[in-house]
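This is what each chain is made of:
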Amino acid sequence: DDWLALKPQEPSPSQCCGSGCKPCIYDVYEKELAQWERARAKQDKSLLTEKKEQSNNSELNPDTFTPFSISSVEQLTEDTYQYKFELPGNGSLRLSLGQHIVLRGMVSGLEVQRAYTPISPGNAEGYFEVLIKHGELLMLASGTGLAPMLPILQSITDNEEDETFVTLVVCFCTFDKIYLKPLLQDLARYWNIRIFYVLSQETSLEKLPWSYQENTYIGRLNEDLTKTIINSCRRRPFVLICGSSAFSEDMSRYLKAAGIDENSYFVF
């Protein structure tokens, strides 16, 4: 059924910022779902692209999202960036003092929305600016070395204002030896969490459940794979290491080879 492929996807709880936004991502979903249901009932796909008439000014509509272009991104600190958005026709947001806006975008293939208060002057014309903080954390764990990583991960996912990106790499002998699979799969659903599995004694990805095949490596976590994972991070990460003494020594050596200095990683 072609219509099922066009049906809006219900947001997951991790996509909601929990700030009482108007509209909430769930409000948008309900509206898009109703639009889809009307279009399907009439068998008219053109109804899916219906848009309300836009006014000539840049006033935001509390009932829908308005697209704006990013004109510049300036890095202010190691993990803080200033985003500048263009407003057409030298328009102004016309916000009240301290009023926030909700930004929505795609992060790692997942739609995310967050509330921000613009830092640009209230009467700024033709643009508005916001500060966005991005931390980056890489966790390298072997076997029971996963244990100290979990409270850190859960503290990040439990804090709606924490936007730290986390990449967790867990090393086990075989798929059956992986601890806490349901918990790890649940954590991986968050927009800012990636989890990779490295299985030293498996021989083929085809033997694994399909949901694990894309994010699993066969073999050992060696220097080349470590560099590949670091390069896939959005910026240079701070690294946490936990495992056997041999594993920790290997990881420390691989990180140095990848250009991560000793002040940028911690060994449990």
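Because the structure is a prediction, the values reported are computed rather than measured.

Conventions used here
- Residues numbered from 1 in each chain as written.
- Predicted model: local features only at pLDDT ≥ 70, side-chain atom pairs only at ≥ 80, totals over all residues.
- Heavy atoms only, no water.
- Pairing = 2+ DSSP bridges.
- Helix = DSSP H or I, 4+ residues; strand = E, 2+ residues; numbered from the N terminus.
- Axes fitted to C-alpha atoms, helices over the stretch in contact; angles between N-to-C directions.
- Patch = residues over 30% accessible without salt bridge, like charges linked within 9 Å, V, L, I, M, F, W, Y side chains within 5 Å.
- Areas by Shrake-Rupley, 256 points an atom, 1.4 Å probe, with all protein chains shown as cover.
- Salt bridge = Lys/Arg side-chain N within 4 Å of Asp/Glu carboxyl O.
- Lys, Arg positive; Asp, Glu negative; His and termini not counted.
- Charge placed at Lys NZ, Arg CZ, Asp CG, Glu CD.
- Buried < 20%, exposed > 50% of the residue type's maximum accessible area, 1.4 Å probe, protein only.
- Parallel < 35°, antiparallel > 145°, perpendicular 65-115°, else oblique.
- Left-handed = near helix turned anticlockwise from the far one by under 90°.
- Contact = heavy atoms within 4.5 Å.
- Nonpolar A, V, L, I, M, F, W, Y, C, P; charged D, E, K, R; others polar.
- pLDDT = per-residue confidence, 0-100.
- UniProt positions renumbered as here; feature names shortened; annotations may be inferred.

A look at the sheet that holds strand β2 (residues 80–86)
For step 1, the next point in the chain: Read across the sheet, 3 strands follow the order β1-β2-β5 without closing on themselves; strand pairing throughout is antiparallel. Across the chains shown, the open sheet's two edge strands, defined by having one partner strand only, are β1 (70–75) and β5 (127–133). Averaged over all neighbouring strand pairs, the angle between strand axes comes to 20°, with direction disregarded.
For step 2, the next point in the chain: Pairing of β1 with β2, which is carried by 5 bridges, proceeds in the antiparallel orientation. The partner of Val73 across the bridge, within β2, is Tyr83.

Considering the sheet that holds strand β6 (residues 136–142)
For step 1, the next point in the chain: The 6 strands lie next to each other as β9-β8-β7-β6-β10-β11, forming an open sheet whose pairing is parallel. Two strands in the sheet have a free side with no partner beyond their single neighbour: β9 (216–218) and β11 (265–267). Strand-to-strand, the axes of this sheet are offset by a mean angle of 15°, without reference to chain direction.
For step 2, the next point in the chain: Here strand β8 (residues 193–199) pairs with β9 via 3 bridges, running parallel.

Some points on a negative patch on the surface
For step 1, the next point in the chain: A cluster of like negative charges, contributed by Glu10, Asp27, Glu30 and Glu37, occupies part of the molecular surface.
For step 2, the next point in the chain: Residue position: Glu30 is located in helix α2 (residues 25–42).
For step 3, the next point in the chain: You can call Glu30 partly exposed: its relative accessible area is 48%.

Some remarks on the packing of helix α6 (residues 223–232) against helix α7 (residues 245–257)
For step 1, the next point in the chain: Two elements in contact, α6 and α7, have axes separated by 9 Å at closest approach and are oriented at 60°. Between α6 and α7, the crossing angle belongs to the class labelled oblique. The hand of the α6/α7 crossing is right-handed. In this structure, α6 uses Glu223, Thr226, Lys227 and Ile230 to contact α7, whose residues at the interface are Tyr254, Leu255 and Ala257.
For step 2, the next point in the chain: Taken together, the residues of the contact of α6 with α7 sort by class into 4 nonpolar, 1 polar and 2 charged.

Describing the confidence of the model for the chain
For step 1, the next point in the chain: Per-residue pLDDT for the chain has a mean of 84; in total, 87% of the residues score no lower than 70.
For step 2, the next point in the chain: In this model, residues 52–57 is a region of pLDDT below 50 whose contacts with residues beyond four sequence positions or in other chains number 3 contacts.

Describing the pattern of salt bridges
For step 1, the next point in the chain: Applying the stated criterion to the full structure yields 5 salt bridges.
For step 2, the next point in the chain: A salt bridge links Arg235 to Glu136; its shortest N-O distance comes to 3.5 Å. One end of the pair, Arg235, is in the loop between α6 and β10 (238–242); the other, Glu136, is in strand β6, and 99 residues separate them in sequence. Neither residue differs from the other here; Arg235 and Glu136 are each classed as buried.
For step 3, the next point in the chain: Measuring nitrogen to oxygen at the nearest pair gives 3.6 Å for the salt bridge that ties Asp186 to Arg189.
For step 4, the next point in the chain: Residue classification places Asp186 among the partly exposed positions, given a relative accessible area of 36%.
For step 5, the next point in the chain: We classify Arg189 as exposed; its relative accessible area is 55%.

A closer look at the pairing of β8
For step 1, the next point in the chain: The buried fraction of β8 is high, at 6 of 7 residues.
For step 2, the next point in the chain: Of the strand pairs in this sheet, strand β7 (residues 165–172) and β8 are connected by 7 bridges, and their pairing is parallel. Its bridge partner being in β8, Val166 is matched across the sheet by Ile193.

Overview of the side chain of Glu136
For step 1, the next point in the chain: Note on Glu136: relative accessible area 8%, which makes it buried.
For step 2, the next point in the chain: Ignoring anything within four residues of it in the chain, the contact list for Glu136 reads Thr164, Phe165, Thr167, Cys233, Arg234, Arg235, Arg236, Pro237 and Phe238.

Regarding the UniProt feature "binding site: FAD" (unreviewed entry) in the chain
For step 1, the next point in the chain: Taking the UniProt record as the reference, the feature "binding site: FAD" (unreviewed entry) is found at Arg114, Tyr116, Leu131 and Lys133. Spatial clustering of the annotated residues is evident: they stretch over 20 residues in sequence, but the largest pairwise C-alpha distance comes to 11.8 Å.
For step 2, the next point in the chain: Counting through the fold element by element, Tyr116 comes out in strand β4 (residues 110–116).
For step 3, the next point in the chain: Residue classification places Tyr116 among the buried residues on the basis of a relative accessible area of 14%.
For step 4, the next point in the chain: With respect to the helices and strands, the residue Leu131 is situated in strand β5.
For step 5, the next point in the chain: The partly exposed category is assigned to Leu131, whose relative accessible area is 35%.
For step 6, the next point in the chain: Excluding residues that lie within four positions of it along the chain, Leu131 makes contacts with Leu76, Thr80, Tyr81, Gln82, Tyr116 and Ile119.

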